[in-house]
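Report on the structure
The chain contents come next:
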Amino acid sequence: MTVANGREFLSIPGPTNIPDAVLQAMHRPAIDIYSGDMVELTRTLLEDLPALFRTSGRAFIYAANGHGGWEAAVSNVLSRGETVLVLESGVFAVGWGDMARMLGVKVEVLRGDWQRAVDPAAVAQRLAADTAREIKAILVVQVDTASGVVNDIPAIRRAIDSADHPALLMVDCVASLGCMPFEMDAWKVDVTMSGSQKGLMTPPGLAFVAANDRALAAHQKADLRTRYWDWTFRMGEVHYQKYGGTPPQHLLFALRQALDMLQAEGLPRAARRHGLLAEATRRAVARWAEGEALAFNITKPAERSNSVTTVLTPGRDPRPLLDYCRTHCGVVVGVGIGELSGKAFRIAHMGHVNAPMMFGVLGAIEMGLASLGIPHGSAGVQAAVDYLAREVRPQG
Ligand SMILES: *Cc1c(COP(=O)(O)O)cnc(C)c1O
């Protein structure tokens, strides 16, 4: 028997739920790519994206997934043989570094702990030792979607400044833009990249890169530039140059609608919503963890992200639980990836999510734990409800 019939609910950390209004925005014919609405759409997107990154710098839009955004970022500011320092805190910064290595960059990884955020003191120490100033850029993620960590980008900036090091600070905020505060200019981030399909509630296929003046200056000397990714080409006056070819129109229609929704909510309120739903999730997980079969991957509460919660299942394959949630309840919960493959599951609370969606996911997981006889503290969902009932008041 199952109770899965009905709308299947996707609770993986990307792609995330696409709002109906965003889906509907795509349901229209292609339009002229040389004039009128298309040119106007590009104008508003290139105006609004820097505001989303909180920068007065420039933004670029690519028909690409996040990996494309990584390549765009690296190839526009670096040259063959230069060195970058990757700050490990899970899968993604290291993946970005692997891509840089294939492009011909020397990559040094500052090893991290999968259960902790990047240690700013270790960054300061490594940079202070780089007396020859060989490190040209630092690659780090704000949220690592595998480990569930959020890194303290302002603290990493302070570490760079304490060593008085000129390296560019390059941040991946694919899993945090629109979910958690990000302040590109205030935090002196030089290059930021993101993607459409996580906090931005849009189908996969668009990558965004933002660059400040320091990044644009580095761009002048970078020899990894290629025509498709090249910022100079994309800054040209002719409209098709903004996309290096035909604009991915329908994804742009979708993005416009998603940005309108995000602007209507306001970034601070969106961040607060994510914080509340994430904490509600953590309250449930904390309760379940009392049974000692589950545990938070990120050990320090302040380092747990508001976009995704990674839950360890020590000594137990999480597959039967995830299968149960999917086939018996209609909820797709994220698998562990990288080092945590077969050892964890991930609950997404990112993008177009609200209280009933999270109660549904948490309820299905709790039902699975009970039905499969996996030891757990009970009333996790109740703990989530109680927390939100206290925090979400009729006035406020
Ligand atoms: C999802 C993700 C990526 C990769 O994005 P793709 O669209 O799958 O290429 C990169 N960085 C982070 C932090 C992510 O969560």
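What you see as residue numbers is a count from 1 along each chain, following the sequence as written. With pLDDT at 70 or above as the cut-off, local features in this predicted model cover only qualifying residues; side-chain atom pairs require 80 or more to be listed or tallied, and sums for whole chains, interfaces and linings still use all residues. Side-chain numbers here rest on the full set of heavy atoms in the structure, without hydrogens or water.

1. Side note on the overall build of the protein chain
Note the following rule: Helix numbers and strand numbers start at the N terminus; a helix is a DSSP run of H or I with at least 4 residues, a strand a run of E with at least 2. Type-normalised accessible area, obtained with a 1.4 Å probe on protein chains alone, sets the label of each residue: buried when under 20%, exposed when over 50%, and partly exposed for intermediate values. Contact definition: two residues touch when any of their heavy atoms are within 4.5 Å. Methods summary: accessible areas were calculated by the Shrake-Rupley approach with a probe of 1.4 Å, and residue burial reflects only the protein chains presented. Positive: Lys, Arg. Negative: Asp, Glu. His and the chain ends are not part of the count. Charge coordinates come from a single atom per side chain, which is NZ of Lys, CZ of Arg, CG of Asp or CD of Glu.
A count of helical and extended segments in the protein chain gives 13 helices and twelve strands. Across its three principal axes, the protein chain shows a C-alpha extent of roughly 60 × 55 × 40 Å. The 396 residues of the protein chain split such that 57% are buried. For the protein chain, long-range pairs separated by at least 24 residues make up 72% of all intrachain contacts whose partners lie at least 6 apart in sequence. Total accessible area on the protein chain is roughly 16200 Å²; 54% of this is exposed by carbon and sulfur atoms. Here the protein chain holds 39 positive side-chain charges and 40 negative ones, and the gap between their average locations is 1 Å.

2. Points about the domain arrangement of the protein chain
This is how it is decided: An automatic or database domain assignment supplies the residue ranges for each domain. Accessible area that two parts lose when put together, with a 1.4 Å probe and added across both, is what the buried area reports. When a carboxyl oxygen of Asp or Glu is within 4 Å of a side-chain nitrogen of Lys or Arg, the pair counts as a salt bridge. Any pair of nitrogen or oxygen atoms within 3.5 Å is treated as a polar contact; in protein, a donor-acceptor pairing is required on top of that, and neighbouring residues in sequence qualify only through side-chain atoms on both sides. The residue classification treats Ala, Val, Leu, Ile, Met, Phe, Trp, Tyr, Cys and Pro as nonpolar and Asp, Glu, Lys and Arg as charged. All others, Gly included, are polar.
Parsing the protein chain into structural domains produces domain 1 (9-16 + 267-391) and domain 2 (31-263). Computed from C-alpha atoms alone, the centre-to-centre distance between domain 1 and domain 2 is 28 Å. Each partner contributes to the interface: domain 1 provides 30 residues, whereas domain 2 provides 30 residues. Approximately 2300 Å² of surface area, both sides summed, lies buried where domain 1 meets domain 2, with 61% of it carried by carbon and sulfur atoms. When the buried surface of domain 1 facing domain 2 is broken down by residue, L267, I298 and E303 rank first, second and third, together holding 23% of it. Between the two partners, domain 1 and domain 2, sit one salt bridge. As a salt-bridge pair, R116 and E303 come within 2.9 Å of each other at their nearest N and O atoms. Across the domain 1-domain 2 interface, the total number found is 15 residue pairs in polar contact (both at pLDDT 80 or more). Among the secondary structure elements, those contributing two or more residues to the side of domain 1 that touches domain 2 are α10 (267-289) and β10 (308-312). With four residues, the single largest contributor to the side of domain 1 that touches domain 2 is α10. Grouping the amino acids of the side of domain 1 that touches domain 2 by side-chain chemistry returns 13 nonpolar, twelve polar and five charged.

3. Considerations on unusual backbone geometry
Note: most peptide bonds trans; most residues except glycine with negative phi. For the bond running from G14 to P15, omega is -5 degrees, close enough to zero to count as cis. Counting through the fold element by element, P15 comes out in the loop between β1 (9-11) and α1 (20-25). Positive phi is not limited to glycine here, since D164 has a value of about 50 degrees. Along the chain, the position of D164 falls in the loop between α6 (153-162) and β6 (168-172). When its relative accessible area of 62% is taken as the criterion, D164 is described as exposed.

4. With respect to the nonpolar core
We apply this condition: Residues enter a nonpolar core if they are buried and are Ala, Val, Leu, Ile, Met, Phe, Trp, Tyr or Cys, with the set joined through side-chain atoms within 4.5 Å.
If you look at the biggest cluster of nonpolar residues, it comprises 49 residues, and the most contacted ones within it are L87, I138, L169 and F182. Per-element tally for this core: the top contributor is helix α9 (residues 249-265), with eight residues. Apart from the residues lying within four places of it in its own chain, the contact partners of L87 are A93, L110, V118, V123, I138, L139, V140 and I156. Counting 42 residues, the second-largest nonpolar core is a separate cluster that includes V94, A146, A211 and A344.

5. Observations concerning the sheet that holds β6
The strands making up a sheet associate through hydrogen bonds between their backbones, and the pairing can be parallel or antiparallel. Stated formally: If DSSP finds at least two bridges between two strands, the strands pair. Fitted lines through C-alpha atoms serve as axes, helices being fitted only where they are in contact, and the angles separating the N-to-C directions of these axes extend from 0 to 180 degrees.
The sheet built from seven strands is open, its strands ordered β2-β8-β7-β6-β5-β3-β4 with mixed pairing. At either margin of the open sheet sits one strand with a lone partner, and together these are β2 (58-63) and β4 (106-110). Going from strand to strand, the sheet's axes swing by 20 degrees on average, the running direction of each strand aside. Looking at chain direction, β6 and strand β7 (residues 191-195) are connected through three bridges and run parallel.

6. What about the packing of aromatic side chains?
Selection rule: Two rings from Phe, Tyr or Trp (for Trp, the six-membered ring) form a pair when their centres sit within 6.5 Å of each other. Planes less than 30 degrees apart are called stacked, planes more than 60 degrees apart edge-to-face, and all others tilted. Only when the NZ of Lys or the CZ of Arg is both within 6 Å of the ring centre and within 35 degrees of the ring normal is a charge said to sit over the ring.
A complete count under the given rule lists eight aromatic pairs for this structure. Judged by centre distance (5.5 Å) and plane angle (80 degrees), the ring pair of F182 and W187 falls under edge-to-face. Taking the relative accessible area as the measure of exposure, F182 reaches 4% and is therefore buried. W187 gets classed as buried once you look at its relative accessible area, which sits at 17%. Measuring from centroid to centroid gives 6.1 Å for F233 and Y240, while their planes differ by 75 degrees, and the two rings are edge-to-face. We classify Y240 as partly exposed; its relative accessible area is 40%. Counting every residue linked through ring pairs, the aromatic cluster contains Y62, Y228 and W229. Taking the ring centre of Y228 as reference, the NZ or CZ of R234 above it sits at 4.8 Å.

7. Thoughts on the pairing of strand β3 (residues 83-87)
With five of five residues buried, β3 is to be regarded as a mostly interior element. Of the two faces of β3, both are covered, the one formed by T83, L85 and L87 as well as the one formed by V84 and V86. Note that β3 and β4 share five bridges and pair parallel. Bridge pairing links L85 to E108 in β4. Bridge count for β3 against strand β5 (residues 135-141) is four bridges, and the pairing is parallel. Each bridged residue has a counterpart across the sheet, and for V84 the counterpart in β5 is A137.

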